[in-house]
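# Analysis of the macromolecular model
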Amino acid sequence: MKQYLMLTNEELKRSWKMIVSVILAMASIEILTIVGRVIYHERQVKEYMSYAKLSESDAIETIGELSFQQASSYFSYVIMIGIVLVILYAIQIWYRDWLGESKYIYRLLLLPGSRAKIFFAKWTSLALVIISFIGLQWVVIQLSYVIFNWLIKDDYRASSFNMSMALKQLYTMNVVDLLLIVLVSLFVVSFLFMLVLLERSYRKAKGLIFIILEVAFLLLITVGNMYVIEKLDIFLSQEISAIMVAIFVLYFVYTIWKSLRLLKWKISV
Amino acid sequence: MLEVHGLKKRYGRKKSILEGVSFSVRPDSITCLIGLNGEGKSTILKAIMGLVPVDAGTVLVDGEVSREKIAFVPDLQTMPGYMTIGDALTYMGDYYPDWNSKVAEELMGLFKLLTTDKILELSKGNQAKFSLVLGFALDRQYLLLDEPFAGIDLFTKEQIAWIFSSHYMEGRGILMTTHEIIEIEHLIDRVVFLQDGRIIDEHDTEEMREVYGKSVQDRMREVYQR
Amino acid sequence: MRKFKFVLILAVVSFLTVGIYTVFIQSIDESDFTVETVKGDPKQPLVRSVQAELYDQGLKGVDYNVRLDGHVEKTKENLISGLFESPYNENGAPADFRRFIRSDYVLTLEQEGVSYAIGTPNNNKWELQYWQGSKQRVVKKMFPAPAEAQKLVETELNPYRRIGNNLYVSVQDYQTNSGTLLYKIDLKNDTVQKINLPYTSKKEVMILGIHDEMIVYRTVEYLEGSDESIEKTYWSDGETAQPLKALNSIIANQTELSEDGTKLIMLEGDSDQSSWIVYDLASKKSEKHSMDIPLVTDKFGLGSYTELKDDLIYTANRIDDGVINIRIVDAVSERVLYEGNIKDKLKRKETSLNSLILN
């Protein structure tokens, strides 16, 4: 247990600069977009005022007030970039041990004890990064709202806190949903880990073939399952949901089991 | 005794790297695995340590399957790039219950290495010496060394060669791969000749010299020029 | 501890930030509803059967079911509950009934606590199942399909209403929506009897009411090549049919035959006041009725729901932020049997009226 935590710490230590940089960059960009939107809106109103020779309140009525929902509309793009970066991290966290001047993978595989701790250290690193990102993103949203209110002139603002549709999907005001999102994210991470370990266990062509096979297997399970359920046509909707949840859990466990097996028996430096 | 039985490794149907390799390493001795480049010497060491998968074969240490009695010194650096020597030594102490920090300190002094040096900024010779420290400072009976002399200067080679006749060798069984026979021929107890993935010859060096009147180098020429 | 520095940092960050999110969620207001009775007795059975369905359109999507005795049921959905939610017409039904009604060809009717489901998979046999709320037992019956019904290509059986021991089922071709036939299934004697509907061939038919073997129905005929249609209303005893010409021009949201079978009550649509027409079948005279309700729609344009049931008009209307006025009015006499206001102590603007549920 202790070694697993130390290994996790080591993984995070190596990526720390990157993690902090990405967080600061994303937060800064988001806050900048808010500031930018407020200023742009104000300029729009002022320009329209002089162009159409209207009073401020009339101009605002035509152009419309600016709501926080509108001002924060670019956040979803930043979040998407964040997701891509996390996926890249999930892949890089393995490959960096093989590439470069020193090959840390040797050291990891030579450590005494079970190799499972190698896998779970990297897995936990991803988990912590993902949860931190989600939590910090919320804090940035709140912070942006404060900045938004402070910056915008009272008349120009459409009242009350609301988020864009995309953000509402992520922040549904329900903690259970958050757990689910994290769970699905970790499933994706586990799946990626399995593919990486497949590639690292078999040489070139064989590795690629196995990857394709695994992806095909996943597709077979999902599509094949839905097909069978529809054809049989005997299940109630709750039963279908239960079946799908069960298959998801089983496959999730499979990806981890397979990864651990590869790491123990098939991995190659 | 470290025993290797029937190691087999193939890539696909045609390329066979190891074909039933078997040999043993006695404690308190130095065994040298000799072969031309690309013959699979390195692969054998890695296979023993579980760093590459094999299709068949077992490795036993005193009759048990246990890698944790063997230390391995690879021919490249294995610590994360940002680490200093001090960081690496702390790392080893953290993860290995059989890490001997006293021996590590002594060897560091002997090799004149500083804990503040960044590993990847060291010269090749110093890097090689440092790797040796990581191997010898583990209280393990068997030690595998992959090309410990490759590409380093004469002076460093002598320093490294010295350690093989020092008290740090007490009771240990060493298995090493190397091309540089000349400098250490006098230290080697046993040679194992590898060709085309097979063990083609095995001799105690003393026996070879006294009985057959040949040096290891002579024997090498014979074996590989057939 | 230093060896876990970065793990701890991220763990603490995760915990704190998710904690902030949780605190925020808790701080979002939820409506606090009370019911104030203006007129009538809230303990009457017809009032007890009414529930107002209110949706929270704010960040936290809470649904409120408010009964007129003041009892409020809140449901907050999350992704998991959404997955395991059963379709609305399945409440507590036994498993085989639920499997039966899953089929595309089965339609259901709920009446007085009994669920009826009927369908024909291959036009050969009709399969009927019904189930009563209090008992778990499902009654299953099979009937050979009547001759005329077999002539339709894609047969859809629609249970209309149960009157006495008879279940009235309308049958039509669901591709063309035409050729409607009406059948009376006697649940005691297990017979299927066809009821004649004059003037209905090749037209869409809607049954408006059945009483004492008298049927009021409307036909819709689409003119070729245009969107226009001609609607005619008839009153029939199964052999001859009287056209009710006066009704052809009335646009109604909901039309029902009165309990005593003498009048047609038609709820009018899209007017700001609640209005309806009572048409006497014998005298052919219509009376217009209306109620003045100070409706103030919310920012989504919602806030009004009216339903006619058993000669009573149930209407719910938003009259202010967080205030819904509910009235139960006798359609014929205009007498207000009950009036009450659902009030949200917090006067939240985000809650909007979705519908009334009448059990």
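Residues numbered from 1 in each chain as written. Chains lettered and ligands numbered in written order. Predicted model: local features only at pLDDT ≥ 70, side-chain atom pairs only at ≥ 80, totals over all residues.

Chain B is annotated in an unreviewed UniProt entry as Multidrug ABC transporter ATP-binding protein from Exiguobacterium undae.

Under an unreviewed UniProt entry, the name given to chain A is ABC transporter permease, and the organism recorded is Exiguobacterium undae.

### Details of the domain arrangement of chain A
Residues and elements named next belong to chain A. Here chain A is partitioned into domain 1 (1-171) and domain 2 (172-269). Taking the mean C-alpha position of each, domain 1 and domain 2 sit 27 Å from one another. The interface is formed by 23 residues belonging to domain 1 together with 18 residues belonging to domain 2. Broken down by secondary-structure element, the contributors of at least two residues to the side of domain 1 that touches domain 2 are helix 4 (75-95), helix 5 (104-110), helix 6 (116-151) and helix 7 (165-170). Broken down by element, the residue count for the side of domain 1 that touches domain 2 peaks at nine residues, all from helix 6. Split by residue class, the side of domain 1 that touches domain 2 holds 19 nonpolar, one polar and three charged. (Domains from an automatic or database assignment. Contact = placed C-beta atoms within 7 Å. Helix = DSSP H or I, 4+ residues; strand = E, 2+ residues; numbered from the N terminus. Nonpolar A, V, L, I, M, F, W, Y, C, P; charged D, E, K, R; others polar.)

### Brief notes about the interface of chain B and chain A
How big an interface is tends to be reported as the loss of accessible area on association of its parts. The interface is formed by 20 residues belonging to chain B together with 19 residues belonging to chain A. Of the residues that constitute the side of chain B that touches chain A, the class distribution is 13 nonpolar, four polar and three charged.

### Re unusual backbone geometry
All names here are of chain C. Positive phi outside glycine occurs at Asp212, with the angle close to 50 degrees. One non-glycine residue, Asp310, adopts positive backbone phi at about 50 degrees. Mapping Asp310 onto the fold places it in the loop between strand 21 (304-309) and strand 22 (312-320).

### Considering the sheet that holds strand 8 (residues 138-144) of chain C
Residue and element names in this part refer to chain C. The strand order across the open sheet formed by four strands is 5-6-7-8, and the pairing between neighbours is antiparallel. With one partner strand each, in any of the chains shown, strand 5 (106-111) and strand 8 form the two edges of the open sheet. Each adjacent strand pair in this sheet contributes to an overall mean axis angle of 15 degrees, direction not counted. (Pairing = 2+ DSSP bridges. Axes fitted to C-alpha atoms, helices over the stretch in contact; angles between N-to-C directions.)

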